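# Observations on the three-dimensional arrangement
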Amino acid sequence: MRYGYFDDDAREYVVTTPHTPYPWINYLGSEKFFSLVSHQAGGYSFYRDAKMRRLTRYRYNNIPADAGGRYLYVHDEGDVWTPSWLPVKADLDHFEARHGLGYSRITGTRGGLKVDTLFFVPLGEDAEIQRVTVTNESDAEKTVTLFSFVEFCLWNAQDDQTNYQRNLSIGEVEIEQEGPHGSAIYHRTEYRERRDHYAVFGVNTPADGFDTDRDTFVGQYNGLGEAAVPRSGVSANSVASGWYPIGSHSVKLTLAPGESRDLVYTLGYVENPDEEKWADDDHQLINRQRAHDLLGRFATAEQADAAFEALRAHWTGLLSTYSVRSTDEKLDRMVNVWNQYQCMVTFNMSRSASFFETGIGRGMGFRDSNQDLLGFVHLIPERARERIIDIASTQFADGSAYHQYQPLTKRGNNDIGSGFNDDPLWLIAGVAAYVKETGDFSILDEPVPFDNEPGSEVPLFEHLTRSFEFTVENRGPHGLPLIGRADWNDCLNLNCFSTTPGESFQTTENQAGGAAESVFIAAQFVLYGQQYADLAARRGLADVSSRASELVEEMRTAVLKDGWDGQWFLRAYDYYGTPVGTDADPEGKIWIEPQGFATMAGIGLESGAAEQALDSVGELLATDHGMVLQYPAYTTYQVQLGEVSTYPPGYKENGGIFCHNNPWVIIGETVLGRGERAFDYYKRITPAYREDISEVHKLEPYVYAQMIAGKEAVRHGEAKNSWLTGTAAWNFVAVSQHLLGVRTDYDGLVVDPQIGPDVPTFTVTRVARGATYEISVTNSGAQGSRGALVVDGTPIEGNTVPYAPAGSTVRVEVTL
């Protein structure tokens, strides 16, 4: 069943009931200030780093699931309710939550009163705006009081949830009832000491009252749904001193029948230079000038509306780079809007802050961010360039890298460390994608340090060389790459041998003396090692390129010789040299990763191994809900394999449908010319095609999930961990570059669609290097057929359309 619908013209998903199977969320912000907001107004806000600069508190793993947010309570002549349904849960006469691109709008109606709240983060601002319109839809005058609510986090989200002996004594606020732009509450905990920042929560009218102490506002032993102050109808004017600081303004409105009133609430982050921290010589009053400036920019509804329109125009411009028009509305909405939007969210968040990631435990991933770049480089190439430099700066001189780095400091995360031997090669993938998109070869000469150590800078191309050579220098007895702590699959820990409860499989000291090898990294080396060779050739380094290509061919031979099991590619060799992913094993016979990646890399095309491997995937791994990671799942703990065997069968890496690697098989099928099968696989995991089974899928029908429960799971088809997943970038690569078949290369735009007969005609509009390409495809869907191209009326050989001058329009007709 459905819980809403797509409004394609507005580029919104409209949730029509608060009772979705799980909180369905959205992200606000794309620069420095970010908010997560659910369809019930849950979530939180932070500045740059969800761990170190969190403004508002949220409670994960709670009952109910969506506990904490920015709420607006309505007191209407004794009737207390919230237009977001939560937290009061009073029945609403009408409910609607519209999630759009960088904004959400929640509307609730009860007893003839309609409250509409638009949430967004304006461009260039470190603030969340809540633009509220209250309308009296009854035929009698109404006098109502609104009570806003945010609960401040004490900045460091981890410390905020653990260090109560200190934190329950340090909360501080300042209150400004008669400010220049209405009323404001300032959260200044720890500002008296080392912090140079504070939060402000203001409303653009003089408030009738305020509260800053949570216990007073909520009432002893109450929950947020029973909050005492809204039920009383009058603010208590409480002042937090230690304990739990909040921000709440009460605003009393009298509305004639049909009358509306607009309010603007601003939740902002402000930094002051040390010499400007204080407004008085005694260092008792914070300097509010920057906060006043912020509040002044949103002092009227008209100012908020103008900022919102600028945000919408920004997204329209971003999404004009790649679009498709076809007969399949689900395909169009995913390609044109939601998949690209999710790619931008992963650019901002990596894997750090969602309703499944707390924002505390993980920073930006080296591997993750390079893969995410594949999905957003066409949208924001200049920021992709910056991201590449940030990532490469965390690499070590031997070519290895920190597995993660912190977004606030851009320095490597020592808690996780290094040793994930696939990491270095992803840097080549990210840089090659950027250069193909932009033609900016100058990035290869950009000085980049190792481990962010000043004085260690070398050209970025040298970092790529170290990445390549790291794999060359770390090969095992079969000539395949050593796996280290893990490869792409963090849970395949072939050197760990953990028997201690609670011990991290990824960070515990690995057992020495083994030679565990990864067939996946071998396939990765064939694909990205050749990209390194191509870049070297374009730099005029013929000897370097030739040697690299020879090593790639050595690896290709090694995979076919010692990485082939007869019907599919092996997954690895373990610590003892025993094959992993072989038909000889009763469990974990076949794994998806090497099948897809080897075919993407062109391994086994001539011998038929690639086709046989993907046939085996279709027979053993494919389900109606996507392809499982391996089969059969493990039913007991395999100490020599690590974390992968700790999950129940059918979940996560143990036989779950790990959506991130499904696109590798989809792309592999297009390499084989089997577009019909590729598109079928695409539809099985793509959320818009799963909307009708939302009661099974549970998560948002507009963004990808990381995992869907596999065929051996109790609840096959149920998704977990939406939004922050490499599936977003990889499935956009799969659909845009391989199914629809339009991708940038060094010398031109490659046009090679493979989508099968379900989409007989379509038109792709692609902006590349300043020129616009309108590509119209007539598609027979015949297996193995490749497109014949006519460019501006002239047939061409091959499938590469040379780049045209910036500002020009090129028309391409393709016939399959």
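The preceding data block contains the structure.
It should be emphasised that the depicted structure is a prediction, and the values quoted were computed from it without experimental measurement.

On to the overall build of the chain, then. Each helix and strand counted, the chain has 19 helices and 42 strands in total. Its C-alpha atoms give the chain a radius of gyration of 28 Å, within 12% of the compact-globule value 28 Å for 816 residues. Across its three principal axes, the chain shows a C-alpha extent of roughly 80 × 60 × 50 Å. By the burial criterion, 64% of the 816 residues in the chain qualify as buried. The contacts of the chain with a sequence gap of at least 6 include a subset with a gap of at least 24, amounting to 68%. With the model as given, the accessible surface of the chain reaches about 27,800 Å², and the carbon-plus-sulfur share is 46%. Across the chain, the 68 positively charged side chains and the 112 negatively charged ones have centroids separated by 1 Å.

Throughout the structure, instances matching the rule amount to 57 aromatic pairs. An angle of 25° between the planes, with centres 5.3 Å apart, marks the rings of Phe 149 and Phe 217 as stacked. Taken together, the residues span a long stretch of sequence, with Phe 149 in strand E13 (residues 142-155) and Phe 217 in helix H3 (residues 214-218) at a distance of 68 residues. Both residues of the pair, Phe 149 and Phe 217, count as buried. Measuring from ring centre to ring centre gives 4.9 Å for Phe 597 and Trp 664, while their planes differ by 90°; the resulting arrangement is edge-to-face. With Phe 597 in helix H14 (residues 592-600) and Trp 664 in helix H16 (residues 662-671), this pair connects stretches of sequence that are 67 residues apart. Here the two residues Phe 597 and Trp 664 agree in accessibility, since each one is buried. Above the face of the Tyr 244 ring, Arg 214 is positioned so that its terminal group lies 3.6 Å from the ring centre. Here the guanidinium or amino end of Lys 277 rests over the ring plane of Tyr 191, the centre of that ring lying 4.7 Å away.

Another aspect to go through is empty space enclosed by the protein. All chains considered together, the criterion is met by 8 cavities of 30 Å³ or more. The computed volume of the largest cavity comes to approximately 100 Å³. If you trace the largest cavity, you find it lined by Ala 41, Arg 70, Tyr 71, Leu 72, Pro 83, Ser 84, Ile 106, Val 115, Thr 117, Phe 119, Gln 130 and Val 132. If you list the elements that add at least two residues to the lining of the largest cavity, you get strand E7 (71-76), strand E11 (113-120) and strand E12 (127-136). Among the elements that take part in the lining of the largest cavity, E11 stands out by supplying 3 residues, more than any other.

Okay, the sheet that holds strand E16 (residues 197-203) next. Taken together, 10 strands build an open sheet; the order of strands is E1-E2-E9-E10-E11-E12-E19-E16-E15-E14 and the sheet is antiparallel. For this open sheet the edge positions go to strand E1 (4-7) and strand E14 (173-179), each flanked by a neighbour on one side alone. Averaged over all neighbouring strand pairs, the angle between strand axes comes to 15°, with direction disregarded. With 8 bridges connecting them, E11 and E12 associate as antiparallel partners. Bridge assignment links Phe 119 to a residue of E12, and that residue is Gln 130. Strand contacts of helix H5 (residues 289-296): E12, E14, strand E15 (182-187), E16 and strand E19 (260-271), with the helix running at about 145° to E19, the strand carrying the most contacts. Seen against the sheet, helix H6 (residues 301-318) touches strand E2 (12-15), strand E10 (103-110), E11, E12 and E19 and runs at an angle of roughly 55° to E11.

What follows concerns the pattern of salt bridges. A full pass over the atoms with the stated rule returns 59 salt bridges. The shortest N-O distance in the salt bridge between Asp 8 and Arg 333 comes to 2.8 Å. Of this pair, Asp 8 sits in the loop between E1 and E2 while Arg 333 sits in helix H7 (residues 329-349); the two residues are 325 residues apart in sequence, bridging distant segments of the chain. We classify Asp 8 as partly exposed; its relative accessible area is 34%. Judged by its relative accessible area of 8%, Arg 333 is buried. Between Arg 674 and Asp 615 there is a salt bridge, with the nearest N and O atoms lying 2.9 Å from each other. With Arg 674 in the loop between H16 and helix H17 (675-685) and Asp 615 in helix H15 (residues 609-620), this pair connects stretches of sequence that are 59 residues apart. You can call Asp 615 partly exposed: its relative accessible area is 30%. One salt-bridge network, held together by shared partners, links Arg 57, Arg 59, Glu 151, Asp 160 and Arg 214.

Judged by nonpolar contacts, the single largest core of 243 residues is most densely connected at Phe 597, Tyr 682, Trp 730, Leu 740, Tyr 773 and Ile 775. The residues contacting Ile 775, other than those within four sequence positions of it, are Val 742, Leu 749, Val 751, Phe 762, Thr 763, Val 764, Val 812 and Val 814.

Now for the sheet that holds strand E40 (residues 794-796). One open sheet holds the 6 strands; their spatial order is E20-E37-E38-E42-E39-E40, and the pairing between them is mixed. Each end of this open sheet is capped by a strand with a single partner; those strands are strand E20 (322-326) and E40. Adjacent strand axes in the sheet meet at a mean angle of 25°, parallel and antiparallel pairs treated alike.

To find leftover empty space, one rolls a probe the size of a water molecule over the atoms. Estimates place the volume of the largest pocket at around 950 Å³. What lines the largest pocket is a set of 40 residues, and nearest its centre among them are Lys 436, Gln 531, Gln 737, His 738 and Arg 743. For the lining of the largest pocket, the secondary structure elements donating two or more residues are helix H10 (423-438), helix H12 (519-538), H14, H16, helix H19 (727-739) and strand E35 (742-744). Tallied by class, the residues present in the lining of the largest pocket amount to 20 nonpolar, 11 polar and 9 charged.

This part takes up unusual backbone geometry. Here the amide bond leading from Leu 86 into Pro 87 is cis, since omega sits at 5°, within 30 degrees of zero. Residue placement: Pro 87 occurs in the loop between strand E8 (79-81) and strand E9 (94-100). The amide bond that connects Tyr 631 to the next residue, Pro 632, takes the cis arrangement and shows omega of -15°. Structurally, the position occupied by Pro 632 is in the loop between strand E31 (630-631) and strand E32 (657-658). Positive phi, close to 55°, is recorded for Asn 61, a residue that is not glycine. Looking at the element boundaries, Asn 61 is found in the loop between strand E6 (54-56) and E7. Judged by relative accessible area, Asn 61 falls into the exposed class, the value being 82%. At Trp 85, a residue that is not glycine, the phi angle is positive and equals roughly 70°. Along the chain, the position of Trp 85 falls in the loop between E8 and E9.

Before going further, it helps to spend a moment on the pairing of E10. Burial analysis of E10 places 6 of its 8 residues in the buried class, which makes it a mostly covered element. The sheet contact formed by E9 and E10 spans 7 bridges and is antiparallel. Considered in E10, the bridge of Phe 95 is made with Gly 108. Count of turn residues in the E9/E10 antiparallel hairpin: 2 residues, of which Gly 102 carries a positive phi of about 85°. Pairing of E10 with E11 involves 8 bridges; the strand directions are antiparallel. Bridging across to E11, Thr 107 finds its partner in Asp 116.

Note that E35 and strand E36 (residues 748-751) share 3 bridges and pair antiparallel. Bridged to Val 742 within E36 is Val 751. The antiparallel hairpin formed by E35 and E36 contains 3 residues in its connecting segment. Inspection of the sheet shows E36 paired to strand E41 (residues 800-802) by 3 bridges, in the antiparallel sense. Bridged to Leu 749 within E41 is Val 801.

On to H12. Counted at 1.5 Å a residue, the expected span for H12 with its 20 residues is 28 Å, and the 29 Å between its end C-alpha atoms agrees. Burial within H12 is extensive, with 16 of its 20 residues counted as buried. Looking at the residues trailing H12, positive phi occurs at Gly 540, about 80°.

Cut-offs and rules
Residues numbered from 1 in each chain as written. Predicted model: local features only at pLDDT ≥ 70, side-chain atom pairs only at ≥ 80, totals over all residues. Heavy atoms only, no water. Helix = DSSP H or I, 4+ residues; strand = E, 2+ residues; numbered from the N terminus. Rg over C-alpha atoms; globule rule 2.2 N^0.38 Å. Buried < 20%, exposed > 50% of the residue type's maximum accessible area, 1.4 Å probe, protein only. Contact = heavy atoms within 4.5 Å. Areas by Shrake-Rupley, 256 points an atom, 1.4 Å probe, with all protein chains shown as cover. Lys, Arg positive; Asp, Glu negative; His and termini not counted. Charge placed at Lys NZ, Arg CZ, Asp CG, Glu CD. Phe/Tyr/Trp six-rings, centres within 6.5 Å; stacked < 30°, edge-to-face > 60°. Lys NZ or Arg CZ within 6 Å of the ring centre and 35° of its normal. 1 Å grid on protein atoms, 1.4 Å probe; cavity = no way out; pocket = protein on both sides within 12 Å on 5 of 7 lines; lining within 4 Å. Points joined across faces, edges and corners; volume = space filled by probe spheres on them. Pairing = 2+ DSSP bridges. Axes fitted to C-alpha atoms, helices over the stretch in contact; angles between N-to-C directions. Salt bridge = Lys/Arg side-chain N within 4 Å of Asp/Glu carboxyl O. Core = buried A, V, L, I, M, F, W, Y, C linked by side-chain atoms within 4.5 Å. Nonpolar A, V, L, I, M, F, W, Y, C, P; charged D, E, K, R; others polar. Expected span 1.5 Å × (residues − 1).

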